[in-house]
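Remarks on the overall topology
Residues per chain, in single letters:
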Amino acid sequence: MCFVSEMSEQQQGCELDQDQLCCPICLDILKEPVTLNCGHSFCSSCIKGYWDHEDTGVYCCPHCRESFSPRPVLRKNTLLAELVMKLSSTAAQQSPAASAAPLYAGPADVACDFCTGARRRKALMSCLTCLASYCETHLQPHYNVPVLKKHKLVPATDKLQEKMCSSHNKLMEVFCRTDQQSICYLCTMDEHKGHDTVSAAAEKAEKQKQLVTSQEEVQQKIQEKKKELKDLRQVLEGLNRSADAAVEASDRVFSEMMASIERRRAELKQLIRDQQQNAVAQTEALLRQQEQTLDQLERRHAELEELSNTEDIITFIQSFQSLSSSTGSPVSPSVVVCHLRSFTDVTDVVSGLRDQLDNLLTTTWPQISNRVCAVDVDDPEPQTRKDFLQYSCPLSLDINTISRDLTLSEEKRKVTVTRQQQPYPDNAERFVNAQVLCTEGLSERRYWEVERRCVREAATGIAVCYKDTNRRAVFGSDDKSWSLWCDSNGYLFIHNSVGTEVSGPVSSRVGVYLDHKAGTLSFYSVSDTMTLLHTVQTTFTQPLYPGIMLEDYGYGDTAELCKTW
């Protein structure tokens, strides 16, 4: 049984492009590809030469800098070799020689440097070694002549000179971190001698990591702002509904009273409307402010997304530096959106006046006025992990529900997948699949965390469900359970057999926040910071029981309720 795997097989695959089959050292298509233990692949000759040049006894990956000792034995990556062969075969079939009609360069095109005559053909590729651009015909020697095959070809560009060192007229394949500029290899022996230098590819990889981090931060802010906007709209609707309901109820009650209290009825109506107008005006102002911030964040995200898709290394580095030096992401003060306190209290107080006369109304009026003015938002949602932890409560796993595929620790907080079926007695509450519920049912605000440790990279399900959920079904397969599945590749939320892919930083620890009364269930990735992964907004009709599920083939995998209380 592999519930998540079966659902994942329904996802569409991605096509490999040529850049994904390039060696990070020579920047050319992989030749005799070999793969290191860290997962990165190189040409066999490139990685051997790299290690021979820096033979210090400790060997590191040029891409991610993971170190190995002793020197790893390199083995051919058969799958990559076949992909490279197929790519080469496809490129040969789509060779420029197959074009039937020549394409002439227009005003916005790069012209071939070797064509003669009144009209020159459109260049297909530019050579960083020859510093020239070639049309389909004149490019052929670079495909056929052994010496020219070693040259670095890039899509045709009229900015070749910008990629060359102005001092040595060599390709800027090195980045000086000391001076933060692109240089050539000869510069490392002259004015940049002794500086901290890396290959341009390595610098791009490092900048790419920073870019991904920036994208995640902006995306997180976007999600936070969207949630704040959603909550603000709900507060706005609630304010209007509650105020309207209070006015209607007050009209109904006052219409039954004597004429002597007519003046008080009008005063109360006006007071409610004034408070409503003030609250709505403040909320609408906050709404407009957050919408503007969201628009700015989305534009910033689009700029970062466009930069992340830049394939040209030099252009990427130069654009990254320019983008990094610009103003950072706009940040507006976070809005703590709280639940609305209803005008119901006002109605209750007014209803009590039906049995009282003017003298009683005089003494009760201050109470009515105070209730109206007290209408506001309260009970703020937690913002930091410290805020969440105040809602932690002791939880323990119920041995009467645990599957025979799992073993339970003595403290009843940790389960482990076992190869042998456990001799648990028959029980109507026991799950058939590798699942277990907590003993405690939750019907208030509660927060807990689950730490997962996977030996076989199987998925872990973190769930809540009603007590009467199907014991033969997996969490998330019916309308009585909600589950977040986690593995090394990401997250998948499932409810009523409908799966939703969830993006966010992968962490071994996941936090769950439940506000039963508000109908809110949220999952967080917990590391040094907390990142919201997914939120459910619904109506819970029964207490919810936290649950854990492991895949039964993941022998040795564990999941543990963290002691946060």
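Up top is the structure these notes are about.
Residues numbered from 1 in each chain as written. Predicted model: local features only at pLDDT ≥ 70, side-chain atom pairs only at ≥ 80, totals over all residues. Heavy atoms only, no water.

Remarks on the overall build of the chain
- For the chain, the helix and strand inventory stands at 11 helices and 25 strands.
- Looking at the chain as a whole, 43% of its 565 residues are labelled buried.
- The contacts of the chain with a sequence gap of at least 6 include a subset with a gap of at least 24, amounting to 61%. (Helix = DSSP H or I, 4+ residues; strand = E, 2+ residues; numbered from the N terminus. Buried < 20%, exposed > 50% of the residue type's maximum accessible area, 1.4 Å probe, protein only. Contact = heavy atoms within 4.5 Å.)

A look at the environment of Arg 385
- As for its placement among the helices and strands, Arg 385 is situated in helix H11 (residues 385-389).
- Separated by 144 residues in sequence, Arg 385 and Thr 529 have C-alpha atoms that sit 7.9 Å apart.
- Aside from chain neighbours lying at most four places away, what touches Arg 385 is Glu 449, Arg 509, Val 526, Met 530 and Thr 564.

Structural notes on the sheet that holds strand E24 (residues 545-550)
- Taken in spatial order, the six strands make up an open sheet running E15-E24-E17-E18-E19-E20, and their pairing is antiparallel. Each having just a single partner strand, strand E15 (435-437) and strand E20 (498-502) make up the two edges of the open sheet. Strand-to-strand twist of the sheet, defined as the mean angle between neighbouring strand axes without regard to direction, takes the value 20°.
- With five bridges connecting them, strand E19 (residues 490-495) and E20 associate as antiparallel partners. Looking across to E20, one finds that Leu 492 is bridged to Glu 501. (Pairing = 2+ DSSP bridges. Axes fitted to C-alpha atoms, helices over the stretch in contact; angles between N-to-C directions.)

Notes on the pairing of strand E22 (residues 520-526)
- The buried fraction of E22 amounts to seven of the seven residues, a majority that puts the element mostly inside the structure.
- Two strands pair when backbone bridges link them, and strand E21 (residues 509-515) and E22 are joined in this way by seven bridges, in the antiparallel orientation. Among the inter-strand pairings, Tyr 513 is bridged to a residue of E22, identified as Ser 522.
- Remark: three residues form the turn of the hairpin made by E22 and strand E23 (residues 530-537), two consecutive strands paired antiparallel.

Overview of the sheet that holds E23
- Strand order in the open sheet formed by seven strands is E13-E14-E25-E16-E21-E22-E23, with antiparallel pairing between adjacent strands. Both edges of this open sheet fall to strand E13 (406-408) and E23, since each of them pairs with a single strand only. Averaged over all pairs of adjacent strands, the angle between strand axes in this sheet comes to 20°, irrespective of strand direction.
- Sheet topology places strand E16 (residues 445-453) next to E21; seven bridges connect them, and they run antiparallel. Counterpart to Tyr 447 in the pairing with E21 is Tyr 513.

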